[in-house]
Amino acid sequence: MRAALIMLATLVVAVLLDIGTRRLVRRANHGRYRWVLGPLRNACRRPTAAALLLTGLYLALPPRPTGWLGDVRHAIGLLLIGSVAWLVIRALHVAEGVTFSRLPPEVVADRRIRRARTQIRPVRRFTAVVVTIVAIGLIMTTFPPIRAFGISVLGSAGVVGALIGLSARTALGNAFAGIQVAFSDGLHVGDVVVIEGEWGRVEEVKLTNVVVRLWDDRTLILPTMYFTERPFQNWSRHEARVVGKVQIHVDHTADLEDLRTETQRLVESSPLWDRSQWVLQMVDATATSVVIEVQAAAADGPSAWDLRCDLREGLIRYIRDNHPQWLPRTRSEYKP
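Notes on the structure follow. Computed from a prediction, not measured in an experiment: that's the story for all the values here.

Rules and cut-offs
Residues numbered from 1 in each chain as written. Predicted model: local features only at pLDDT ≥ 70, side-chain atom pairs only at ≥ 80, totals over all residues. Heavy atoms only, no water. Helix = DSSP H or I, 4+ residues; strand = E, 2+ residues; numbered from the N terminus. Buried < 20%, exposed > 50% of the residue type's maximum accessible area, 1.4 Å probe, protein only. Contact = heavy atoms within 4.5 Å. Areas by Shrake-Rupley, 256 points an atom, 1.4 Å probe, with all protein chains shown as cover. Salt bridge = Lys/Arg side-chain N within 4 Å of Asp/Glu carboxyl O. Expected span 1.5 Å × (residues − 1). Arc of directions from axis to C-beta. Polar contact = N/O pair within 3.5 Å; in protein donor to acceptor, adjacent residues only side chain to side chain. Pairing = 2+ DSSP bridges. Axes fitted to C-alpha atoms, helices over the stretch in contact; angles between N-to-C directions. Core = buried A, V, L, I, M, F, W, Y, C linked by side-chain atoms within 4.5 Å.

Quick word on the overall build of the chain
The helix and strand tally for the chain stands at ten helices and eight strands. Taken across its 336 residues, the chain has 36% of its residues classed as buried. Restricting to contacts in the chain with at least 6 residues of sequence separation, those with at least 24 account for 62%. When the accessible surface of the chain is split by element, carbon and sulfur atoms take 60% of a total near 19600 Å².

Topic: the pattern of salt bridges
Applying the stated criterion to the full structure yields seven salt bridges. For Glu313, the salt bridge goes to Arg317, with nearest N and O atoms at 2.8 Å. Here the residue Glu313 and the residue Arg317 both occupy positions in helix 10 (residues 301–322), the gap between them amounting to four residues, near one helical turn. Ionic pairing is found between Arg320 and Asp321, a salt bridge with its closest N-O pair at 2.9 Å. Judged by relative accessible area, Arg320 falls into the partly exposed class, the value being 48%.

Brief notes about helix 9 (residues 256–268)
Every α-helix winds through 3.6 residues per turn, so residues three or four apart in the chain are directed the same way. An ideal rise of 1.5 Å per residue puts 18 Å on 13 residues; helix 9 measures up with 18 Å between its terminal C-alpha atoms. Along helix 9, the positions that sit buried rather than exposed are Leu256, Leu259, Glu262, Thr263, Leu266 and Val267. Along the axis of helix 9, the buried residues cluster in a sector spanning 135°; they form a single face. Among the exposed residues of helix 9, those pointing more than 90 degrees away from its buried face are Glu257 and Thr261. The secondary structure elements touched by the buried residues of helix 9 are strand 7 (273–285), strand 8 (290–298) and helix 10. At the N-terminal boundary of helix 9, the capping side chain belongs to Asp255, with an oxygen 3.1 Å from the backbone nitrogen of Glu257.

Observations concerning the sheet that holds strand 2 (residues 198–205)
What the five strands build is an open sheet, ordered 4-3-2-1-5; its pairing is antiparallel. Edge positions in the sheet fall to strand 4 (219–223) and strand 5 (233–234), since each of these pairs with one other strand and no more. As judged from the five bridges shared by strand 3 (residues 209–214) and strand 4, these two strands associate in the antiparallel manner. Within strand 4, the residue paired with Asn209 across the bridge is Pro223. Where helix 10 meets the sheet, it contacts strand 1 (192–195) and strand 2, and its direction lies at approximately 165° from that of strand 2.

Side note on the sheet that holds strand 8
An order of 6-8-7 is seen for the three strands of this open sheet, with the pairing classed as antiparallel. Sheet topology places strand 6 (242–250) and strand 7 at the edges, where each strand pairs with a single neighbour. Strand-to-strand twist of the sheet, defined as the mean angle between neighbouring strand axes without regard to direction, takes the value 20°. As paired elements, strand 6 and strand 8 share nine bridges and run antiparallel to each other. The residue of strand 8 that forms the bridge with Val250 is Val290. Running at roughly 155° to strand 7, helix 9 makes contact with strand 7 and strand 8 of the sheet. Against the sheet, helix 10 makes contact with strand 6, strand 7 and strand 8, and its axis sits at roughly 20° relative to strand 6, the strand it touches most.

Let's talk about the nonpolar core
Soluble, globular proteins show a tendency: their nonpolar side chains are buried together. Within the largest apolar cluster, 23 residues are counted, with the highest numbers of intra-cluster contacts made by Ile248, Val250, Leu259, Ile292, Leu307, Leu311 and Ile319. Those elements that place two or more of their residues in this core are strand 6, helix 9, strand 7, strand 8 and helix 10. Among the elements that line this core, the one with the most residues is helix 10, at six residues. Apart from residues lying up to four places away in sequence, Leu307 is in contact with Ser270, Leu272, Trp273, Ala296, Ala297 and Ala298.

Some details on unusual backbone geometry
Of note in this structure, Arg275 is not a glycine but carries a positive phi near 65°. In this fold, Arg275 is placed in strand 7.

Scope: geometric values only; no functional claims are made or implied.
Okay, here's the thing in structure tokens:
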């Protein structure tokens with residue numbers, strides 16, 4: 001009779017909870033919290049029902065059964081621990097999803113939004129790993145031969161020690177590096193970076209790797225430890241605007257004022273220029289030529305690359321067609 005009453009009460013609680021949450025979500029469809037209540041109910045409905053039913057079964061059995069009932073109660077307890085961990089992990093996924101949904105879709109120009117997107121996902125994944133380890137520790141404590149080890153895993157020092165001890169492995173080492181990258185404020189989703197001579201935009205910062213979309217649409221996937229152990233260039237750490245540079249070798253007789261006039265025409269006629277700054281300077285001189293450098297700002301990395309290509313092409317065409325004598329030449333002196 002006791003077991004039947006407990007199971008009946010559990011079923012009633014589960015049904016009432018399901019009906020209550022359904023009505024709450026239905027009422028909130030036009031309210032200010034519909035963006036979180038709907039996804040939370042849809043994601044957590046099954047793990048919540050499983051946890052409630054397993055709790056009822058666990059309480060319905062005698063506290064210290066013998067024989068096969070003891071094995072059944074033990075198995076139900078293991079499933080209950082797993083269902084609770086499942087519920088927490090699903091809730092973390094919902095928290096991440098609803099947080100991303102509240103952020104504006106345009107993340108290129110706003111550094112604070114890029115930083116938030118960079119930090120939320122590694123924290124969620126790291127928390128899910130901790131929840132999984134705690135669940136494993138609880139499961140271990142139910143087996144007498146390994147109960148002591150399970151208790152050590154459950155301790156706060158034990159959890160951190162287990163993670164640090166296993167961080168020598170590449171995957172967990174990258175996981176810790178992912179947390180470091182997320183909070184070091186040196187790399188964000190949407191940043192323009194230069195890695196090993198290749199430039200691209202950061203598409204995703206995961207717990208163990210970073211995905212970079214290169215300028216030619218190739219995808220470069222690097223372990224997060226790369227960004228903690230090796231140097232890299234971040235062109236848009238403080239803002240998305242990027243200054244592109246073009247260097248051209250010309251003869252010593254080239255008129256820089258004429259080239260500045262043509263460069264100004266090319267820059268001002270380009271839709272890629274952000275109308276903020278440009279400059280033409282002589283930056284070096286050799287025995288056979290001088291080096292002029294053009295700097296022009298664009299809204300982002302891809303625009304700066306295209307602007308550099310357009311300026312280089314336009315200046316070379318102008319010199320070739322109008323002043324071919326300004327192209328680099330090798331002189332020799334003839335003595336009869």
